[in-house]
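# Summary of structural features
Here's the letter readout for the chains.
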Amino acid sequence: RLFWTEDERFHSQFKEGEITKFQPYSKFPPVYKDIAFWIPEGFVENDFFEMARGIAGDIVERMELIDEFTNPKKGKTSKCYRITYRSMDRSLTNEEIDALQDELRDSVGKDLGVEVR
């Protein structure tokens, strides 16, 4: 059935003239959540990514920086990340993702020294 799909996640895996092993992807919808915070000096983005994956595990499909600005009056920089959550075997609920997001907000403030906005 997948050969008739219009899903780009399927078609992007294959190129004409190349034999490629199919990589399964989730058929369930994603849940998007944003988190924004003021970063301290020495902030390491990868520490934030590892923390999110440590809290939510394999359901974190993607993390991307969607906004960054520096407040000229305060001299502080803010970053906003969009986290895409998706399960391979079920639909996720907003309630369960909100709980993970709350845990992440608490952890980044406490362990990474950021000020959550």
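Residues numbered from 1 in each chain as written. Predicted model: local features only at pLDDT ≥ 70, side-chain atom pairs only at ≥ 80, totals over all residues. Heavy atoms only, no water.

### Regarding the overall build of the protein
The test is simple: In DSSP terms, a helix is any run of H or I states spanning at least four residues, a strand is any run of E spanning at least two, and both are numbered starting from the N terminus. Only the C-alpha atoms count toward the radius of gyration. The rule for a globule is 2.2 Å times the residue count to the power 0.38. Whether a residue is buried, partly exposed or exposed follows from its accessible area with a 1.4 Å probe, protein chains only, as a fraction of its type maximum: under 20%, in between, or over 50%, in that order.
Helix and strand counts for the protein stand at 3 helices and 4 strands. Reading the secondary structure of the protein in the N-to-C direction produces α-β-α-β-β-α-β. A globule of 117 residues ought to have a C-alpha radius of gyration of about 13 Å, yet the protein, at 18 Å, is considerably larger. Each principal axis of the C-alpha atoms in the protein carries an extent, and together these give about 55 × 30 × 20 Å. Here the protein, with 117 residues, has 32% of them falling under the buried criterion.

### Focus: the sheet that holds strand S4 (residues 115-116)
Quick reminder of the rule: Strand pairing requires that DSSP identify at least two bridges connecting the strands. Every residue pair with non-hydrogen atoms within 4.5 Å of one another is taken to be in contact. A fitted line through C-alpha atoms serves as each axis, taken over the contacting stretch for helices, and the angle formed by two N-to-C directions is quoted from 0 to 180°.
Read across the sheet, 4 strands follow the order S2-S3-S1-S4 without closing on themselves; strand pairing throughout is antiparallel. Edge positions in the sheet fall to strand S2 (60-71) and S4, since each of these pairs with one other strand and no more. Taken together, the 2 bridges between strand S1 (residues 31-39) and S4 define a ladder with antiparallel strand orientation. From the neighbouring strand, Phe37 faces S4, where its bridge partner is Val116. Strand contacts of helix H2 (residues 45-56): S1, S2 and strand S3 (76-85), with the helix running at about 140° to S2, the strand carrying the most contacts. The strands that helix H3 (residues 94-111) touches are S1, S3 and S4; relative to S1, the one it contacts most, it runs at about 15°.

### Here's the deal with the nonpolar core
Soluble, globular proteins show a tendency: their nonpolar side chains are buried together. Spelled out, the test is: Buried residues of nine kinds, namely Ala, Val, Leu, Ile, Met, Phe, Trp, Tyr and Cys, make up a nonpolar core once their side-chain atoms join them within 4.5 Å.
Among the nonpolar cores identified, the biggest contains 21 residues, and Ile35, Phe48, Ile83, Tyr85 and Leu104 are the most heavily contacted of them. In terms of residue count, H2 provides more of this core than any other element does, 5 residues in total. Contacts of Ile35, omitting those with residues within four sequence positions, involve Phe48, Lys79, Cys80, Tyr81, Ile83, Gln101, Leu104, Arg105 and Val108.

### Re H2
Note the cut-off: Given the number of residues in a helix, its expected span is that number minus one, multiplied by 1.5 Å.
Its 12 residues give H2 an end-to-end C-alpha distance of 17 Å, which sits within 8% of 16 Å, the value for a rise of 1.5 Å per residue. Buried residues in H2 make contact with S1, S2, S3 and H3. One or two residues past the end of H2 sits Gly57, with phi positive at roughly 70°.

### Brief notes about the pattern of salt bridges
Rule in force here: We count a salt bridge whenever a side-chain nitrogen from Lys or Arg sits within 4 Å of a carboxyl oxygen from Asp or Glu.
In total, this model carries 6 salt bridges according to the counting rule given. Among the salt bridges present, the one from Lys76 reaches Glu115, with a minimum N-O distance of 2.8 Å. With a gap of 39 residues between them, Lys76 in strand S3 and Glu115 in strand S4 connect regions that are remote in the sequence. Residue class for Lys76 comes out partly exposed when judged on its relative accessible area of 30%.

### Some thoughts on the side chain of Ser107
Position of Ser107 among the secondary structure elements: in helix H3. The buried category is assigned to Ser107, whose relative accessible area is 13%. Sequence-distant contacts of Ser107, defined by excluding residues within four places in its chain, comprise Met51, Ile55 and Leu112.

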